[in-house]
Amino acid sequence: MSSVNTTIQLITREQAEAAQSHIPGQPGRAQESCDEDLAQGPWEFDLAEALAGTPGYGPGASNEDTAPASTPVQGQLPQEYKDASDAELEGRIRAAKAVLGERVVVLGHFYQRDEVVAFADFVGDSFQLANAAKNRSEAEAIVFCGVHFMAETADMLSGSHQSVILPNLAAGCSMADMADLPSVEACWAELEALYGTEPDAEGRVPVIPVTYMNSSAALKAFCGERGGIVCTSSNASTVLDWAFERGQRVLFFPDQHLGRNTAKAMGIPLEAMPLWNPRLPLGGNSQQVMEAAKVVLWQGFCSVHKRFTVAQIEKARADFPGLRVIVHPECPMEVVDAADEAGSTDYILKAIQGAPDGTTFAIGTEINMVNRLAAQYPQHTIFCLDPVICPCSTMYRIHPGYLAWVLEGLVAGEVRNQITVPETTAVNARIALERMLAAKPRSAARA
Ligand code: 13P
Ligand code: SF4
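Under the annotation held in an unreviewed UniProt entry, the chain carries the name Quinolinate synthase and is attributed to Arthrobacter psychrochitiniphilus. As stated in UniProt under Subcellular location (unreviewed entry), the record for the chain gives "Cytoplasm". Comment text from UniProt for the chain, heading Sequence similarities (unreviewed entry), reads "Belongs to the quinolinate synthase family. Type 3 subfamily."

Structure, rendered in structure tokens:
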């Protein structure tokens, strides 16, 4: 199977040819992409952003989200990298890595392009990559092929002798940007006014803040300072158990869907999970609703996982009897309920690895990962629930051109695009991260 990038290039070429020959539509074409601009180099968006003076997420599944003014804007990539062919970039990356040897480690998230994953020394989900960053102390530089919050986490967990590099600074996460420190602080002040600050008879404080890994270092620090914790999609229920041992309720941000899906699976009723709109007093809820709350859900979401629908699942089941549907817990609750299973990216990988040959899977997560799984496990039939090719636009900002540029910078003794979290923030964020790394699932804690 060809890479997502190759498929997008093909679709775009076909569209252009059809337009030139005045063919209205192409009934024979099997696939479409959500934005023809995806076929361009990511530097086209860096240029547009630099000219407009505003940051943006670029084409793809986070296209319609608004990037906050504080979003980093990537400077221009030197022309030689933009002009280089795929083969040339591949050769340059390989050569730079060979020169650097053990001095550099390249980490790649499952959602990265195949053309980037090809050079990763370790590929994983956000939890595994955080651990990988913590445990590669021999490398002077960690080149993080993922998004900004992941690189921040890597910086906080790695040693002070190491530098963490994000090849394209515009690789943010639109969901992470849906919660900012001032809005969360304002929410917290309202919750304190409502619930007070005194623990109950069992010593449980009124609220424990829990932030999803997909959040800024500042919000992780906010949690660390207030008895809170970080979670990822692979340990959210362990973390909620941890929080309920210490608190009467939880403020969960920024992803409402992960929070709702996890709390629901733990038996918490939907009425006890009010949604918090940061622009409204009491988050848009009545005092009565807030008093009964067990999990207050921040109104954030992932634009990639929001694309999955129950109708897609119904169609896939009708087309493929016996189908196994697995979705990521960032999908809306109805989609998780309609699927057979929900789990993190690593859960999805392990489910596929453990399935009997000949299983048919419909997967609800990012297309780069799904297509790679389909290619790696040809004994199964694996396809994405969403028929439209629509990668996470921010993950897609990491192109081999940027990877070559930062690696060749290291060869020349220059650290480009370093991500540094100020120590005043990192010290508290690390507390929340270490609590997560130490949290054990209930069964393991009892053993
Ligand atoms: P994982 O924690 O499963 O890697 O997911 C990270 C992410 O950004 C999903 O959208
Ligand atoms: Fe963020 Fe969604 Fe992209 Fe994950 S897939 S990095 S949550 S925008």
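Now that the structure is up, let's keep going.
Engineer: Mind showing me how you'd approach the site of ligand 1 here?
Structural biologist: The environment of ligand 1 is made up of D125, S126, F127, N214, T232, S233, C302, E330, S344 and T345. Grouping the amino acids of the shell around ligand 1 by side-chain chemistry returns two nonpolar, six polar and two charged.

Engineer: Help me understand the domain arrangement of the chain in this model?
Structural biologist: Many authors give the size of an interface as the accessible area that is lost as the parts come together. One can read the domain layout of the chain as domain 1 (1–33), domain 2 (41–174 + 394–425), domain 3 (177–300) and domain 4 (305–389). Domain 1 puts eight residues into the contact, and the matching count from domain 4 is eight residues. Counting only elements with at least two residues in the side of domain 1 that touches domain 4, the list comes to α1 (4–20) and β1 (32–33). Partitioned by chemical class, the residues of the side of domain 1 that touches domain 4 number four nonpolar, three polar and one charged.

Engineer: Where do I start with the UniProt feature "binding site: iminosuccinate" (unreviewed entry) in the chain in this structure?
Structural biologist: The residues that UniProt annotates with the feature "binding site: iminosuccinate" (unreviewed entry) are H109, S126, Y212, M213, N214, S233, H328, P329, E330 and T345. For M213, the position within the fold is in the loop between β6 (205–212) and α9 (217–225). Setting aside residues no more than four positions away along its own chain, M213 makes contact with S126, F149, T153, V230, C231 and T232. Along the chain, T345 turns up in helix α15 (residues 345–353). Looking at T345, the number of C-beta atoms within 10 Å reads 25, which means it is buried. Setting aside anything within four residues of it in sequence, one finds T345 in contact with F110, D125, H328, T365 and M369.

What counts and what doesn't
- In this convention, every chain numbers its residues from 1, walking through the sequence in written order.
- As they are written, the chains are lettered A onward and the ligands numbered 1 onward, keeping that order.
- Selection of residues for local features in this predicted model requires a pLDDT of at least 70, selection of side-chain atom pairs for listing and counting requires 80 or more, and totals for whole chains, interfaces and linings are taken over all residues.
- UniProt positions are given in the numbering used here, feature names are shortened, and annotations may be inferred rather than shown by experiment.
- For each residue, a C-beta atom is placed from the backbone, and the residue is labelled near a molecule or strand when this atom is within 6 Å of it.
- Put simply, Ala, Val, Leu, Ile, Met, Phe, Trp, Tyr, Cys and Pro go in the nonpolar bin, Asp, Glu, Lys and Arg in the charged bin, and everything else, Gly too, in the polar bin.
- What marks off one domain from the next here is an automatic or database domain assignment.
- Contact between two residues is assigned whenever their backbone-derived C-beta positions fall within 7 Å.
- Under the DSSP-based scheme used, a helix requires at least four consecutive residues in state H or I and a strand at least two consecutive residues in state E, with every element numbered from the N terminus.
- Buried residues are those with 20 or more other C-beta atoms within 10 Å of their own C-beta, exposed residues have 12 or fewer, and partly exposed residues lie in between; C-beta atoms are placed from the backbone.

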